[in-house]
Amino acid sequence: MSEAQHDQTLEFGIDGMMCGACVARVEKKIRKVSGVTEASVNLATERAKVTLEAGSNAPAAVFRAVESAGYTPVAEEIEFGVDGMTCGACVARVEKKLARLDGVLEATVNLTTERARVRYLPGQVDPPAMFACVEKAGYTPVALDDQDAGDAENEDSEADELKHALLLSAVFTVPLFVIAMARMLPGVGAAMNALAPPIAWTIIELVLATPVQFYAGSRFYRLGWGELKHAAPGMNSLVLIGSNAAYFYSLVAFALPTIFPAGAAHTYFDAAGMIVTLILLGRYLEALARGRTSQAVQGLMKLQARTARAKREGEWREIDVGELVRGDRIAVRPGERVPVDGSVVAGESYVDESMISGEPVPVAKQTEAQVIGGTVNGAGTLEIEATGVGGDTVLAGIIRMVEQAQGEKPAIQAVADRIAGVFVPIVMAVSVSTFIGWLVFGPSPALALAFVAAVSVLLIACPCAMGLATPTAIMVGTGRGAAMGVLFRRGTALEQLARVDTVVLDKTGTLTEGAPSLTEFETCAGFETDDVLRQIAAVEAVSEHPIGGAIVKAAADRGLAVPEARDFTTHTGQGVAAVVDGREIQVGAARFMDSLGVDHAPLTERADALAAAARTPLYVAIDGELAALVAVADPARGEAADMIAALHDRGIEVAMLTGDNAATAQAIAAELGIDRVVAGVMPQAKADEIKRLQGDARTVAFVGDGINDAPALTQADVGIAVGSGTDIAIEAGDVVLMRADLSGVVNALALAGRTMRTIRINFGWAYGYNVLLIPLAAGVFYPLTGWLLNPAIAAAAMSVSSIFVLTNSLRLRRFSAVLAPVATAASAQPPAAANTANMPNAA
């Protein structure tokens, strides 16, 4: 077969190319990748075809080359369940097998959620191939739809299965343990031997231990043998080998005692039974605790309504919520959950949105108001038009975000999984070395002591604690954040946020209310106030800037008829211009006037005075002549000062970026206690300022509205988007605050810090535990202290390690807000028509 037949062809899409120069640039970058023999890019189809040398593993490098050229390679992502994993070694094996598939760019497996997320090239590899790969590794792939449908049931069934096995095991193990211990007690043992010969008691122990070993412990045979068959030993392998060693050593010692050296023919049926029972107890408690770690997502899912009262063919009918489509008319009666996102078309009420946004006060809803699926209607009846159904609702987006964040793996966990991948083989090697060492150098009976030490080493090692240390804390931490209205889009954001030492905030709409009002209006000689106001209102009516809204509102308050503006243009960060009534109208900052050649010196002193008083001054030019000076005030948020003080208490420096002039910015900074101010910054330059701060070895979090500040949010180590339940700017930030309340910034930082401390404690325990107790189990301290662990105690200690990690992570559920959210005035005023006497509690 020729070498060409072995070549690999890679085809994928590329977004962002505009011309032939783009094509040439991408092709040049791809051809530089080692292993690439040919690269062809088609502008019309926006696809690339790349030929790779035989055996080359370059797809990921090719994608990085396209990204370095400034374009976006198109890949797909799939998430599916993986059953049968029990420890970090399992995670490492599945990830390694998936990553080796041609066309797989990245594979991440989470032990706690039992899910795999794979980024891949369609056409190179497909989901069936991934499923087959997981099966070959010894685990069971589960389609996500199937898994979602039965997640809660699966968790319950696993716990029930373990409970059944544990109870059965305990029924036999308790009398087994009592008999074995009683035979060792002075006086009691003699009485038992008088009642029945020692061989009879040994037979009773064998009879009691056998159903425990082979029936209650059958899961360890099934899972452990699967691990060994695929050369991927894990926790089940250790239990399988340890319990079988105790059982069959005892069986041989009972049946053929003469083949053992003197004093070595001991039986350990009690240890075999205790090993299985104690491990089952640990796994049962672990299953219960793991179920509680996912309660945040389950709680969000329970907010989803099951049915809705919709108008079909002119009649109101109760239908399944899955049958709703956009545009459906839906009736929401008092006390009911809003079934989907929608817009109010009739009725007045207030809606409890606390379960979505964290807003503590019910929000007034009238015609044209937006409502969110999963929230609870108050005492009024609403008729809404569905605007978001199924996976397009805000609640569905929140659930996706939380699940994605919980599934991501911080750098610290990736290292732990690599260690866990080689941990079990190392433990097995240590166990064999321990056995040989005791056999060669140990005192009499050396064989019995060697056996006890070797089995104890196998049983006390706990790779599962390493695998659970991070994902359990991430799951509980992100879930607690969701309950507080703080959504982590990426689990890795927790790790980054915990290291932040500088918080940079946008001014307008973030530190301030974002709803400015017109405070001053001064016209130059020859210009009438009302005439100028109506003309600039016409220009600003087209603008989407909050300042423009203040001017339009002022004109409306004066009862002025606002004409239509034509040829509207925006000069980003400077001002706006349009033609009104045949005249050129320009409104903007001093630098805008300078660029137009308009002399603003007559009003400069007054503008500076207004800026010093925390007003935003704007000049107005009509037909190239200075016409007026207007000033707008945007008051600081009520919670801004407390938020900044709380950040200072945590040792974090606070900076503010704004396009406003320096005087206005400094006035706001002085009022709020901000450390550093960068004023007069164009929107596109905000990212450069963030980069400059990062160049000073600072870890920066940027807080903005998530839309205009998207470049800065992306550039920052952590982007925090401030929004509301209906506009959460999902694509902009790493962290999204569900309500426009800055207390969420402090609470997000505090929660991230607490979560990372929990992870460090978990790792400290998991590694410290193994480092200290494996030598103890091996009998290293025996010559000095005479300590040698019983295998049953070692099995109990293994379970304790995992349970500690889980319970320590669950403590995050008790995390409370460092800075309490404030109630907004808008939320506190329900419609007059609504009856507030019988407000239902939030579900």
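Residues numbered from 1 in each chain as written. Predicted model: local features only at pLDDT ≥ 70, side-chain atom pairs only at ≥ 80, totals over all residues. Heavy atoms only, no water.

(A) Inspection of the overall build of the protein chain at higher detail. The secondary structure content of the protein chain amounts to 30 helices and 30 strands. Counting the 843 residues in the protein chain, one finds 52% classified as buried. Taking contacts inside the protein chain between residues at least 6 apart in sequence as the whole, the part at least 24 apart equals 70%. For the protein chain, the accessible area works out to roughly 35,400 Å², and carbon and sulfur atoms hold 56% of it. (Helix = DSSP H or I, 4+ residues; strand = E, 2+ residues; numbered from the N terminus. Buried < 20%, exposed > 50% of the residue type's maximum accessible area, 1.4 Å probe, protein only. Contact = heavy atoms within 4.5 Å. Areas by Shrake-Rupley, 256 points an atom, 1.4 Å probe, with all protein chains shown as cover.)

(B) View of the sheet that holds strand β13 (residues 349-352). Strands sit in the order β14-β13-β16 across an open sheet of 3 strands; the sheet is antiparallel. Of all strands in the sheet, those bounded by a partner on one side alone are β14 (363-365) and β16 (376-377). Pairing of β13 with β16 involves 2 bridges; the strand directions are antiparallel. Across the sheet, the residue bridging to V351 is N377, located in β16. (Pairing = 2+ DSSP bridges.)

(C) Molecular detail of the nonpolar core. Core analysis: the largest hydrophobic core is formed by 87 residues, its most contacted members being F80, M85, L98 and V118. If near-sequence neighbours (up to four positions away) are discounted, F80 is found in contact with L98, E114, R115, A116, V118, M130, F131, V134, P141, V142 and L144. The next biggest cluster of nonpolar side chains, apart from the first, holds 52 residues, and it includes L505, L751, L810 and L819. (Core = buried A, V, L, I, M, F, W, Y, C linked by side-chain atoms within 4.5 Å.)

(D) Geometry of a nonpolar patch on the surface. A surface patch of nonpolar side chains, about 530 Å² in accessible area, is lined by V432, I436, L439, V440 and F441. Within the secondary structure layout, I436 lies in helix α15 (residues 411-441). (Patch = residues over 30% accessible without salt bridge, like charges linked within 9 Å, V, L, I, M, F, W, Y side chains within 5 Å. Salt bridge = Lys/Arg side-chain N within 4 Å of Asp/Glu carboxyl O.)

(E) Layout of the environment of D623. With respect to the element layout, D623 can be found in the loop between β24 (616-622) and β25 (625-633). When the C-alpha positions of D623 and V579 are compared, they lie 9.5 Å apart, and in sequence the two are 44 residues distant.

(F) Representation of helix α9 (residues 218-229) in the model. The end-to-end C-alpha separation of α9 is 16 Å, in line with the 16 Å expected for 12 residues at 1.5 Å each. Looking only at α9, the buried set comprises R219, F220, L223, G224, G226 and E227. Take α9 and look down its axis: the buried residues cluster within an arc of 155°, on one side only. Residues of α9 that are exposed and point over 90 degrees away from its buried face: W225 and K229. (Expected span 1.5 Å × (residues − 1). Arc of directions from axis to C-beta.)

(G) How the structure looks around the packing of aromatic side chains. Within the structure shown, the criterion is met by 14 aromatic pairs. Ring centres of F12 and F63 lie 4.9 Å apart, and the angle between their planes is 50°; this geometry places the pair in the tilted category. Within this pair, whereas F12 is found in strand β1 (residues 8-15), its partner F63 is found in helix α2 (residues 59-68), the two being separated by 51 residues in sequence. Of the two residues, F12 and F63, both sit in the buried class. With centroids separated by 5.2 Å and ring planes inclined at 90°, the aromatic side chains of F214 and Y247 adopt a geometry described as edge-to-face. On the criterion of sequence distance, the pair formed by F214 in helix α8 (residues 198-216) and Y247 in helix α10 (residues 235-255) is long-range, its members being 33 residues apart. Judged by its relative accessible area of 4%, Y247 is buried. Grouped by ring-pair contacts, the aromatic residues F214, Y221, Y247, F248 and F269 constitute a single cluster. (Phe/Tyr/Trp six-rings, centres within 6.5 Å; stacked < 30°, edge-to-face > 60°.)

(H) Main features of unusual backbone geometry. A cis amide bond links S444 to the next residue, P445, at an omega of -5°. Its identity is not glycine, yet D623 carries a phi of approximately 55°, on the positive side. In this structure D623 comes out as partly exposed when scored by relative accessible area, which is 42%.

(I) A look at the pattern of salt bridges. With the rule as written, the count across this model stands at 25 salt bridges. Residue R534 is joined to D531 by a salt bridge in which the shortest nitrogen-to-oxygen separation is 3.3 Å. Taken together, the residues span about one helical turn, with R534 and D531 both in helix α20 (residues 529-542) at a distance of 3 residues. Residue class for R534 comes out partly exposed when judged on its relative accessible area of 22%. For D531, a relative accessible area of 32% puts it in the partly exposed group. The structure contains a network of salt bridges with shared partners spanning E77, E79, R115 and R117.

(J) Up close: the side chain of E383. Turning to its location among the elements, E383 is positioned in strand β17 (residues 382-388). Of the polar contacts made by the side chain of E383, one reaches the side chain of R329; its length is 3.1 Å. What E383 contacts, discounting residues up to four positions off in sequence, is W316, R329, I330, S343, V344, V345 and A346. (Polar contact = N/O pair within 3.5 Å; in protein donor to acceptor, adjacent residues only side chain to side chain.)

(K) Main features of the pairing of strand β28 (residues 700-704). Among the 5 residues that make up β28, 5 are buried, leaving the element largely enclosed by the rest of the structure. Burial along β28 is two-sided: the residues V700, F702 and G704 and A701 and V703 are all buried. Sheet topology note: the strand β19 (residues 502-506)/β28 ladder contains 4 bridges and is parallel. Its bridge partner lying in β28, V504 is registered against F702.

(L) The arrangement of the sheet that holds strand β23 (residues 583-588) in detail. Spatially, β20-β25-β24-β23-β22-β21 is the arrangement adopted by the 6 strands of the open sheet, whose pairing is antiparallel. Because the sheet does not close on itself, it has two edges, and the strands there are β20 (517-523) and β21 (565-571). Across the sheet, the axes of successive neighbouring strands diverge by a mean angle of 20°, strand direction being ignored. With 6 bridges joining them, β20 and β25 adopt antiparallel strand pairing. Each residue of the ladder has a partner; that of F521, found in β25, is V630. (Axes fitted to C-alpha atoms, helices over the stretch in contact; angles between N-to-C directions.)

(M) Focus on the pairing of β17. With 5 of its 7 residues buried, β17 lies for the most part within the structure. In this sheet, β17 lies alongside strand β11 (residues 329-332) in antiparallel orientation, the contact comprising 4 bridges. What sits directly across from A331, in β17, is E383. Relative to β17, strand β12 (residues 341-346) is paired through 5 bridges, and the arrangement is antiparallel. Looking at the pairing, S343 lines up with E385 of β17.

(N) Representation of the confidence of the model for the protein chain in the model. Averaged over all residues, the pLDDT of the protein chain is 81; the fraction at 70 or higher stands at 87%. Mean pLDDT across the elements of the protein chain bottoms out in helix α5 (residues 144-149) (52) and peaks in α8 (93). Confidence drops under a pLDDT of 50 for residues 1-5, and excluding neighbours within four residues, the segment shows 1 contact in the predicted structure. Segment residues 725-730 is flagged for pLDDT under 50; beyond a separation of four residues in sequence, or across chains, it makes 17 contacts in the model. (pLDDT = per-residue confidence, 0-100.)

(O) Representation of helix α26 (residues 686-695) in the model. For α26, the set of buried residues is K686, A687, I690, L693 and Q694. In an axial view of α26, the angular spread of the buried residues amounts to 115°, which keeps them on one side of the axis. Of the residues one or two after α26, A697 is the one with positive phi, at around 65°.

(P) Layout of the side chain of S243. By secondary structure assignment, the location of S243 is in helix α10. A polar side-chain atom of S243 sits 3.3 Å from a polar atom in the side chain of Q213. There is a polar contact of 3.4 Å between the side chain of S243 and the backbone oxygen of L240. Ignoring sequence-local partners within four residues, the contact set of S243 consists of Q213, A272, I275 and V276.

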